[in-house]
Structure formats: structure tokens, C-alpha cells
Amino acid sequence: MERDGLGALTVEEVAREAGVARATVYRTFPGGRDEVVGAAVAHAVAGFFADLRRDIGDAPDLATLLERGLVAARRRLESHAALQRALQEEAGQIVPRLATVMPLVIDGVRAELTSRLARERLRPGVVPDQAADLLARLFLSLIGSPGSWDLDDPDAARRLVRGQLLAGVVELDPPG
Amino acid sequence: MHSVSGVTQATVIHDRLEVGEGAGAGPVAPVGAWAAEYLAAGDAERRLVEAALRCFARWGIRKTSVDDIAREAGVSRATVYRVVPGGKDRLVQVVLCHEAGRLFHTMDAELSAAETLEDLLVTGIRGLLLVADGHDVLRTLIRDEPELVLPHFAFHQLDRIFDLADTLARPHLSRFLPPEDVRPAAELLARVVLTYAFRPTPWVDPHDPDSVRRLVRTYLVPALTSPSVSEPSLSDRTTDPAQEST
């Protein structure tokens, strides 16, 4: 997929690349081409977030985790050759695939944030599950589409996190 | 440059929305013109758009032909080409213009009636989630032709949706927020609406106004009025517009 894109992928090529028989591919993925592509995309997404977790897992608090997470994820995304190529040339193929695995990604980020929220001073009325759900969705939205935020700039990421993301969720120490 | 003819306008939006081929290179579309385009459309165009929407709902975009749309509207093929020159691709963009314009038009009056930021956000978010929930054509297209629809709502293409959100929300948000906070606020609200429209959750249910109000009051109003939203140099300003000295 990295070399030839999603559209041109065939089971024969996958088998040749992996050094196995075509029948082996179908035994592992009975759904054929469609299932192979789905599994490969899911695998790439899981790898992306595993790497991201290694980048930022040692962040001391939620605000730092999100700030570093946005900057690191954006950098990883922009330098992700296979994804950038797919978005350029076959967005109609890759975007629905990513949309399919998105619920699992949201679940994963939400679980991580829920455990982080347990160690924070929450603002009155905040329900941890709801806050984690909203933050996970916004975090993922910002990674894919930063809009007018320049996430190469740690100061911008800091303003974004302490404002739009966390102002309603946790009691933050005054800046400075 | 905003006063281009309807056809040119549609071409600009076509390029911007990258419907079909020939995408990308057009000048920046004045998104606010979508509403004007919708309001200025003649009856014949409106009938065609409604017919096209019904066809898309039934058969999807790919399988709908100009003949189908003509038959559905009860006019000849020649009439379709006279009213909307350019065939099906052009019709798809005209339909998109009309739907965005309709959204603007119906939401605008409701939003103008809101007297607090909280009420404004509840009305806007709830209204848009209800539109998404009840929009049969959109739901059908997302299900059956995700490859044509979903790319418009992801990655850099979301910038167009942000432009639309900014245009829709700016006059209303400006009543409660300083000008420099409006764009980031509109983007945040667009993210919230899109995520809960595409992936609904029981805790944000547009059919339960109280749930939307809890989301707005607890999380979104503080997020939009927090001093750190703006540049650090502005961080000492008050968030109460009544006391805003600038």
C-alpha cells in the first residue's frame, strides 16, 4: 500500500510481498482484498497511536499530555508518507477506511484520558466519562484538521489546551 | 468579486468542493454567498434541486442521471440543461449550495433570537444535530457512497466546513465574544457538531434539550470564554462582553 496505493492493491501482490501463497492470504483473510486492506489500515492506525503513546506517556499531567500529544501527533501525521500519499491520490478510499476504525480509536483515547482525569481536580459539574469523551473527540479532530491552530507552535498548543480543551474540565493553575 | 453570476458562482463552489473532476484550482469561494445563491434562485432551479435531492436519496449520486432528474421534476432534459447548464456535476454542486443556503436561512432566525451565549450554543448545536439526524439524503449518501461524501468532512477538507461555520456563526458569536475569538470558537463548535452528528452518543442527544444544555454550560461556555483562548497579551481581559472596554 505504501508503494502502490490502496486502489491498485491485489491479493496476488500481497502474497508475493509476504512470500506466501495466494491461498494463505485467503485463509488468513477470508474476505480477500477488502479484508486485507481493512486489516492493514487498522494495523497502521494502531501503530500510529502506539508510537504517540511512547512519545508522550510520561507527561506529568493532563494539560501537558494533551499539549505534547497534539504537537507530536501532528508531526507524525504530516510526515506519514503512506497516509499523505493516500489523502492526495485516493482520499475516497482511505477516509472511509479510517472512519471505520475511528470508534476504536476514540475508545482508546477516551480510556487513556479517563484514567488521567482521575488524577485531576475537576470543575464543578464535570462528569469524567463525558469529559473524556469530548476531549478524545476534540483531540482526534485537531490532529487530523488543526484548522487555524498552528500545532507546530508549542505556545499555540498550550493556549488551545488550556483554553478550548480544558477550561471547562479541570481547575488549572493561573498561567505564569 | 462576490457579485459573480449564478453559474460562475456555482463553478467556484464546484472547484472548492471538489465534486467530480477538475477540482482545486479555483479562487476562494465566498461561502456566505451560498445563502444568497439559495435565496436568489428561481422557481425552476428550486424545483430541479428538490427533484435532484429526491433522486439522490433514492439512487445515490452516482446512479442518478440528468434524465432521472428531469423526469422527477416533470420537465424536459433540455430544460434541465437550460436552467442548470453543465449537467449532473453542476447539479450536484447547485444542490450542495441550496442545502447549505437552506441551513443558513433556517438557522439564522433562530440564532438571532438567543439572548445569552449559552442559549445561542444550545440552539445552534441542537438545531444542527437535529438537521443531521433527520437529513435522509445525507444519511443515505454517507451509507451508500462514503467515498464521495466522507472526504469532505476529514483532514484538510474540513477547512471548508470551518469557513462555513465561521460565516454562519460569526454574526451571532460576535454578540458575545471579541472578534479575535470568533474564528476559533466557530471551529470548536463545528468539531463538536460534526463528531456528535457522525457518531452520536446518549449523553449529547438533540432530542433531549437538557443534555445539550449540560454539554454547553459545563464544557463549551467555559472553553469559549476562557482568557487563554486569546493571545497571552489579552489574557487579562474580562470575559463579560458588557464590561469589554475595547
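Scroll up to find the structure this text is about.
Residues numbered from 1 in each chain as written. Chains lettered and ligands numbered in written order. Predicted model: local features only at pLDDT ≥ 70, side-chain atom pairs only at ≥ 80, totals over all residues. Heavy atoms only, no water.

Of regular secondary structure, chain B possesses 12 helices and 0 strands. When the helices and strands of chain B are listed from N to C terminus, the series reads α-α-α-α-α-α-α-α-α-α-α-α. Burial statistics for chain B: of 246 residues in total, 52% are counted as buried. Pairs at least 24 residues apart make up 63% of the contacts formed inside chain B by residues separated by at least 6 positions. (Helix = DSSP H or I, 4+ residues; strand = E, 2+ residues; numbered from the N terminus. Buried < 20%, exposed > 50% of the residue type's maximum accessible area, 1.4 Å probe, protein only. Contact = heavy atoms within 4.5 Å.)

Moving on to helix α5 (residues 81-89) of chain A. Residue and element names in this part refer to chain A. Taken as a whole, α5 has its buried residues at Leu 83, Ala 86 and Leu 87. For α5, the buried positions fall inside an angular range of 100° around the axis, keeping them on one side. Opposite its buried face, α5 presents the exposed residues Ala 81, Gln 88 and Glu 89, each directed more than 90 degrees away. Elements that come into contact with the buried residues of α5 comprise α4 (62-78) and α6 (91-117). (Arc of directions from axis to C-beta.)

A few words now on the packing of helix α3 (residues 33-56) of chain A against α6 of chain A. Residues and elements named next belong to chain A. The contact between α3 and α6 brings their axes to 10 Å, and the two run at 40°. Compared by their axis directions, α3 and α6 come out oblique. Where α3 crosses over α6, the handedness of that crossing is right-handed. On α6, the residues touching Arg 33, Asp 34, Val 37, Gly 38, Val 41, Ala 42, Val 45, Phe 49 and Arg 53 of α3 are Gln 93, Ile 94, Arg 97, Leu 98, Val 101, Val 105 and Glu 112. Counted by class, the contact of α3 with α6 contains 9 nonpolar, 2 polar and 5 charged residues. (Axes fitted to C-alpha atoms, helices over the stretch in contact; angles between N-to-C directions. Parallel < 35°, antiparallel > 145°, perpendicular 65-115°, else oblique. Left-handed = near helix turned anticlockwise from the far one by under 90°. Nonpolar A, V, L, I, M, F, W, Y, C, P; charged D, E, K, R; others polar.)

Turning to the nonpolar core, a few remarks are in order. For soluble globular proteins, nonpolar side chains are generally found buried alongside one another. Ranked by internal contacts, the top residues of the largest apolar core, which has 100 residues, are Leu 166 of chain A together with Ile 125, Leu 173 and Leu 220 of chain B. Sort the elements by how many residues they give to this core and helix α11 (residues 179-198) of chain B lands first, with 11 residues. Not counting chain neighbours up to four residues away, the residues in contact with Ile 125 of chain B comprise Leu 189, Val 192, Val 193, Val 212, Val 216 and Leu 220 of chain B. With 21 residues, the next largest nonpolar core counts Cys 55, Ile 61, Ala 73 and Val 137 of chain B among its residues. (Core = buried A, V, L, I, M, F, W, Y, C linked by side-chain atoms within 4.5 Å.)

Across the boundary between the two partners, chain B contributes 35 residues, which contact 38 residues of chain A. Of the roughly 2,900 Å² buried between chain B and chain A on both sides combined, carbon and sulfur atoms contribute 62%. Linking chain B with chain A are 0 salt bridges, by the criterion used here. Counting across the chain B and chain A interface gives 12 residue pairs in polar contact (both at pLDDT 80 or more). Within the residue set of the side of chain B that touches chain A, elements represented by two or more residues are α9 (146-149), α10 (158-173), α11 and α12 (209-225) of chain B. Residue composition of the side of chain B that touches chain A, by class: 22 nonpolar, 6 polar and 7 charged. (Buried area = accessible area lost by both parts, 1.4 Å probe. Salt bridge = Lys/Arg side-chain N within 4 Å of Asp/Glu carboxyl O. Polar contact = N/O pair within 3.5 Å; in protein donor to acceptor, adjacent residues only side chain to side chain.)

Right, let's get into the packing of helix α3 (residues 43-63) of chain B against helix α6 (residues 87-112) of chain B. All names here are of chain B. Where α3 meets α6, the axes come as close as 10 Å, and the angle between the chain directions of the two elements is 105°. Overall, the two elements α3 and α6 adopt an arrangement that is roughly perpendicular. Of the residues in α6, those in contact with Glu 45, Arg 46, Val 49, Ala 52, Leu 53, Phe 56, Ile 61 and Arg 62 of α3 are Lys 88, Val 92, Val 94, Val 95, His 98 and Glu 99.

What follows covers the packing of aromatic side chains. One pass over the full model with this rule turns up 4 aromatic pairs over all chains. Aromatic pair Phe 48 of chain A and Phe 49 of chain A: ring centres 5.1 Å apart, planes at 75°, arrangement edge-to-face. An angle of 80° between the planes, with centres 5.9 Å apart, marks the rings of Tyr 196 of chain B and Trp 203 of chain B as edge-to-face. The same class applies to Tyr 196 of chain B and to Trp 203 of chain B, which are both buried. (Phe/Tyr/Trp six-rings, centres within 6.5 Å; stacked < 30°, edge-to-face > 60°.)

Residue and element names in this part refer to chain A. Checked against the element boundaries, Val 101 lands in helix α6. Sequence separation between Val 101 and Val 41 is 60 residues; the distance between their C-alpha atoms is 8.4 Å. In this structure Val 101 touches Ala 42 and Val 45, once residues within four positions along its chain are discounted.

Inspection of the entire model under this criterion finds 29 salt bridges over all chains. As a salt-bridge pair, Arg 68 of chain A and Asp 58 of chain A come within 3.5 Å of each other at their nearest N and O atoms. Residue Arg 68 of chain A is found in helix α4, and its partner Asp 58 of chain A is found in the loop between α3 and α4; the two are separated by 10 residues along the sequence. We classify Arg 68 of chain A as partly exposed; its relative accessible area is 37%. When the shortest N-O distance is used, the salt bridge between Asp 67 of chain B and Arg 77 of chain B registers 3.1 Å. Here Arg 77 of chain B lies in helix α5 (residues 77-83) and Asp 67 of chain B lies in helix α4 (residues 66-73), a separation of 10 residues in the sequence. A residue is classified by how much of its surface remains accessible, and Asp 67 of chain B, at 35% relative accessible area, is partly exposed. Relative accessible area serves as the criterion here: at 40%, Arg 77 of chain B is assigned to the partly exposed category. Among the charged side chains, a salt-bridge network with shared partners connects Asp 51, Arg 54, Asp 55 and Arg 76 of chain A.

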